[in-house]
Amino acid sequence: MTFKDYIATLKTAMRVPLECAPRLIWKLAYNFAWRNLINMHRFEKRQAKGEPFFPAFVMVSITETCNLSCSGCWVTPGGKKALTPEQLDGIITESKKKGSYFFGILGGEPLLYKGLFEIIEKHSDCYFQLFTNGMLITDEVAMRLKKLGNITPLISIEGLKEESQQRRGTNDVYDKTLAGVRACKKAKLMIGAAASICKSNYNDLVTREHIDRLAKEGVHYLWYYIYRPVGPNPNTGNALSEDEIYELRKFIVEQRKNAPLLIIDTYWDDKGKALCPAATGMSHHISPAGAVEFCPPIQMAKEFINKDASNLSKIFEQSEFLSDFRKMTASSSRGCILLEDPSAMVDFLLQHKAIDSSTRNTVLQEYRMMFPVPGHHQPTKEIPEQNVFYKIMKKKYFFGFGAYG
Ligand code: SF4
């Protein structure tokens, strides 16, 4: 890292304090940063002492309803399942009792969920990340998010114009999504962009040009995912090769030296070693049907929350399915079981008599059709972080938590 790189990193870190509304900065600092510092410490202690299990974070898919149907998405197209407001409120309340105040809110398209803002407002001591395609973010919606203050929109941009049309199945998705980003910028929100990198969007999105373009649009952080060929329309041919994943990792580490926005991944620790967030117990997922799942794309479960989610802690403490799933995945690889060994995953799900928690009832068949594709666990080609800021953040917040010995 050169002196210029350190200055660039400092400028990037100052973007949020300089560009976002003061109250939002306070909510980010206290509800997200400070509370997560304590939460991660409590989670680490629970894991180390073998105390009753509860994940550090709960990802919640509140509805299946969506205004798009993207290839590679695990949500049932046309699905109508949704959590009740009582269940969503209960999940947040139960998690807070365990010190967990940060929630990923997914869909479908969560902005189609009636009553969402009222629940987020009620839990003003929490912080929410809204996984959205951004198409419904008007100036009015952006101002409503600003009024809430404890929420950051993470807007999925899966390609430039043509690719977005291809992957997401409608003409104007790219322009509408960008309009959503601009409405968020006008409202001085902290804005995230997410991309699930596959063969067809690699050359457009894994470039410095794309990073600079997003930063100019007002995006503060970019979350790179690796495409998972799942769901009723998996398009397996679009999955990345081993070399493409390696080049993606190299690109992320290189760009982190001086990128004008923060670059997020949930695949590698500070040394470049792979990990699976669910295998470490850091996060698990609740589906629109109330199923308590290992992670969002694995739609099979044994336990379901009750009408007010008051049984959530008990499920996490007592679920043999989830604890065996964590052990099985962590003992077989540091990577993604879904990509690397779907047939071992199917054997595990059958052995545990897991239930299809989707509304299309074809998930097991879909997994049986899957074959192994490369994942992010490449033990001979690990690339450690080079930017000291990311080194510290990963070392402190994103490591194995003892899952991998
Ligand atoms: S199994 Fe794969 S998709 Fe699920 S959390 Fe682990 S790495 Fe992610």
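Residues numbered from 1 in each chain as written. Predicted model: local features only at pLDDT ≥ 70, side-chain atom pairs only at ≥ 80, totals over all residues. Heavy atoms only, no water.

Participant: Teacher, can you tell me more about the site of the ligand here?
Facilitator: Contacts to the ligand come from R228, C276, A278, F294, C295, P297, C336 and I337. A breakdown of the residues in the shell around the ligand according to their chemical character gives 7 nonpolar, no polar and 1 charged. (Near = heavy atom within 4 Å. Nonpolar A, V, L, I, M, F, W, Y, C, P; charged D, E, K, R; others polar.)

Participant: Explain the environment of N361 here, please?
Facilitator: If you trace the backbone, N361 turns up in the loop between β11 (355-356) and α15 (363-369). Overall, the relative accessible area of 57% leaves N361 in the exposed class. Here the alpha-carbon distance between N361 and A215, two residues 146 residues apart in the chain, equals 41 Å. (Helix = DSSP H or I, 4+ residues; strand = E, 2+ residues; numbered from the N terminus. Buried < 20%, exposed > 50% of the residue type's maximum accessible area, 1.4 Å probe, protein only.)

Participant: Is there a simple way to explain the packing of helix α6 (residues 161-168) against helix α7 (residues 173-186) in this structure?
Facilitator: Between two packed helices, what matters for the description is the angle formed by their axes and the separation of those axes. Between α6 and α7, whose axes approach to 8 Å, the crossing angle comes to 105°. As summarised for this structure, α6 and α7 are arranged roughly perpendicular, according to the angle between their axes. Residues K161, S164, Q165 and R168 of α6 lie in contact with α7, whose contacting residues are V173, Y174 and D175. (Axes fitted to C-alpha atoms, helices over the stretch in contact; angles between N-to-C directions. Parallel < 35°, antiparallel > 145°, perpendicular 65-115°, else oblique. Contact = heavy atoms within 4.5 Å.)

Participant: Please clarify how the packing of aromatic side chains should be interpreted in this entry.
Facilitator: The way to describe two aromatic rings as a pair is by their centre distance and the angle between their planes. Within this structure, the stated rule accounts for 16 aromatic pairs. Between F57 and F102 the ring centres are 5.6 Å apart and the planes differ by 85°, which places this aromatic pair in the edge-to-face class. Of this pair, F57 sits in strand β1 (residues 57-61) while F102 is found in strand β2 (residues 102-106), placing the two residues 45 residues apart along the sequence. F102 matches F57 in its accessibility class, with the two residues each being buried. Consider the rings of F131 and W223, whose centres lie 6.0 Å apart with planes at 55°: the pair is tilted. You can see F131 sitting in strand β3 (residues 127-132) and its partner W223 sitting in strand β6 (residues 221-226), a full 92 residues away along the chain. We classify W223 as buried; its relative accessible area is 10%. Chaining the aromatic ring pairs together yields one cluster made of F32, F57, F102 and Y127. A cation sits over an aromatic face here: R326 above F53, 3.6 Å from the ring centre. The ring of Y246 is capped by K381, whose NZ or CZ atom sits 5.1 Å from the centre of that ring. (Phe/Tyr/Trp six-rings, centres within 6.5 Å; stacked < 30°, edge-to-face > 60°. Lys NZ or Arg CZ within 6 Å of the ring centre and 35° of its normal.)

Participant: Before we go on, may I ask you to explain the state of the cysteines in this structure?
Facilitator: Per the stated rule, a full pass over the model turns up 0 disulfides. You can see C20 has no disulfide; the closest cysteine sulfur is in C184, sitting 10 Å from it. Unpaired in this structure, C66 has its nearest cysteine sulfur neighbour in C70, at a distance of 6.4 Å. (Disulfide = S-S within 2.5 Å.)

Participant: Whenever I open this one, the side chain of R249 confuses me. Can you help?
Facilitator: Turning to its location among the elements, R249 is positioned in helix α10 (residues 242-255). Among the residues examined, R249 registers a relative accessible area of 3% and is labelled buried. Setting aside residues no more than four positions away along its own chain, R249 makes contact with R256, D265, W268, D269, G272, I383, P384 and E385.

Participant: Looking at this structure, I do not really get helix α14 (residues 342-351). What am I missing?
Facilitator: In an α-helix, one full turn covers 3.6 residues, which means residues spaced three or four apart are oriented alike. Turning to α14, its buried residues number three or more, namely P342, M345, V346, F348 and L349. Looking straight down α14, one finds that the buried residues subtend no more than 160° of arc, so they occupy a single side. Looking at the packing, one finds that the buried side of α14 touches β10 (300-301), α12 (320-332), α13 (337-340) and α15. Within two residues after α14, K353 carries a phi angle of roughly 50°, on the positive side. (Arc of directions from axis to C-beta.)

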